[in-house]
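Report on the structure
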Amino acid sequence: MPILFLIVFVDLVGFGLVIPLLPFYAERYGASPQQVTTLLAVFSLMQMLASPLWGRLSDRIGRRPVLIVSLAASALSYLWLGFADALWMLFAARALSGVCAGNIAAAQAYIADVTPPEKRARGMGMIGAAFGLGFIIGPAVGGLVAGNDLATADLRTPGLIAAGLSLAALLGVVFLLKESLPPGGREAPRRGRLQIVFEALGRPVLSRLLVIFFLVILAFAAMESTFALWAMRQFGWGPEQVGYVFTYVGILSAVMQGGLIGPLTRRFGEERLMTTGLVLIGVGLLLLPFARAVPSLAAAVSALALGMGAMQPSLNSLISRRAGKDEQGGILGVAQSIGLSLIHI
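No experiment lies behind these values; they were computed from the predicted model shown.

Here we come to the packing of aromatic side chains. To describe a pair of aromatic rings, one takes the distance between the centres and the angle between the planes. Counting across every chain of the model gives seven aromatic pairs. Taken together, a centroid distance of 5.9 Å and an interplanar angle of 85° make the contact between phenylalanine 227 and phenylalanine 246 edge-to-face. Of this pair, phenylalanine 227 sits in helix 10 (residues 204–235) while phenylalanine 246 sits in helix 11 (residues 239–268), and the two are 19 residues apart along the sequence. For the pair phenylalanine 227 and phenylalanine 246, one class covers both residues: buried. Chaining the aromatic ring pairs together yields one cluster made of Phe227, Trp230, Phe235, Trp237 and Phe246.

Encoded structure:
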């Protein structure tokens, strides 16, 4: 698992580097606020359509090939983003990245392959910690490279750095990561994407977990897609300051998911920890629109980060434990898909 953590972490540094800068990319080409949020949503929409397919494919051919294809596509999409000189190119690059974004579902399925159920939340927390650390380093580096003035911001170099990081993660999979799914475990039934979705929603407990996942990711993504625009108008911030906020969120998330989630799960259980996380997320989202100064903003985003850090690995673990060994990739792919299915609205 340490090798998988390192690979996911390197890739997510590039992801975290670019995400806070996307509104600034779009505004440079005269995009309206609606176009900015659509740019952020197009990745999620494409991922919504493709994630179950990649998850199901990883159940049939293994996790490693899916990770290789996904990371190669990420490197190409970031390269395209870095050299984009028109708004349509930004949309095309993000759409390509979304279509081939099978790495997270495959990584989660990898964790499910190699961990017993009682240690699943801690394993999922490792993926969450990689997210958190990616959002510590990525936004800070992106903000420093881009600068704090939109008119003169360097938006090409962050895309090139992100492409290089995805390429490094790809090489890590090729040369360091062993396949977690044994050949005998790859005879998954040939079910269609919609069949997997309907079967998952037909299971009472699993369907409720998927609905919770959907609602939380929808709310968090809505905040994430509009935060830069809000911060520009509320505080007069540029890419650098927005990057620092995402870095702070990443620090708290990494501490929670990388260090505290295991002991907290053993003491309180996944269900209680998930509920506590949901409450904190609600509090953070409620406070955020009323933030008029940095201390109140810090309180709101702290509640959000700690809530996501507690909720997400617990929920992913509960979803994984409701899936059979031959459908881990498919079910986790459905979770990623359902969690993003209304972001484009």
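Now, onward.
The subject of this paragraph is a nonpolar patch on the surface. Residues Ile3, Leu167, Leu171, Val174, Phe175 and Leu176 make up a contiguous nonpolar surface patch of about 570 Å² in total accessible area. It is helix 8 (residues 156–176) that contributes the most residues to the nonpolar patch, five residues altogether. Looking at where leucine 176 falls in the secondary structure, it is placed in helix 8.

Here helix 8 is 21 residues long and its end C-alpha atoms lie 30 Å apart, about the 30 Å a rise of 1.5 Å per residue gives. Along helix 8, the residues that are buried comprise Pro158, Gly159, Ala162, Ala163, Ser166, Ala169, Leu170, Gly172 and Val173.

Looking now at the environment of proline 2. Relative to the elements of secondary structure, proline 2 occurs in helix 1 (residues 2–18). The exposure class assigned to proline 2 is exposed, which follows from its relative accessible area of 66%. Separated by 175 residues in the primary sequence, proline 2 and leucine 177 have C-alpha atoms spaced 9.9 Å apart.

Reading the values: the criteria
- Going along each chain's sequence as written, the residues are numbered from 1 onward.
- Two thresholds apply to this predicted model, a pLDDT of at least 70 for residue-level local features and 80 or more for giving and counting side-chain atom pairs, whereas whole-chain, interface and lining totals are computed over all residues.
- No hydrogens and no water enter the side-chain calculation; it runs on all heavy atoms of the structure.
- Classification of ring pairs uses Phe, Tyr and Trp, with its six-membered ring standing for Trp, and accepts pairs whose centres are within 6.5 Å; under 30 degrees between planes counts as stacked, over 60 as edge-to-face, and the remaining range as tilted.
- Labels follow the DSSP assignment, with helices taken as runs of H or I lasting at least four residues and strands as runs of E lasting at least two, numbered in each case from the N terminus.
- Burial classes follow relative accessibility: with a 1.4 Å probe on protein chains only, a residue under 20% of its type's maximum area counts as buried, one over 50% as exposed, and anything between as partly exposed.
- Patches in this entry comprise residues that are over 30% relatively accessible and not in a salt bridge; like charges within 9 Å are linked, as are nonpolar side chains (Val, Leu, Ile, Met, Phe, Trp, Tyr) within 5 Å.
- In this description, accessible areas are obtained by the Shrake-Rupley approach with a 1.4 Å probe, and a residue is regarded as covered only by the protein chains that are shown.
- A pair is scored as a salt bridge if a Lys or Arg side-chain nitrogen falls within 4 Å of a carboxyl oxygen belonging to Asp or Glu.
- In a helix, the anticipated span is given by 1.5 Å times the number of residues less one.

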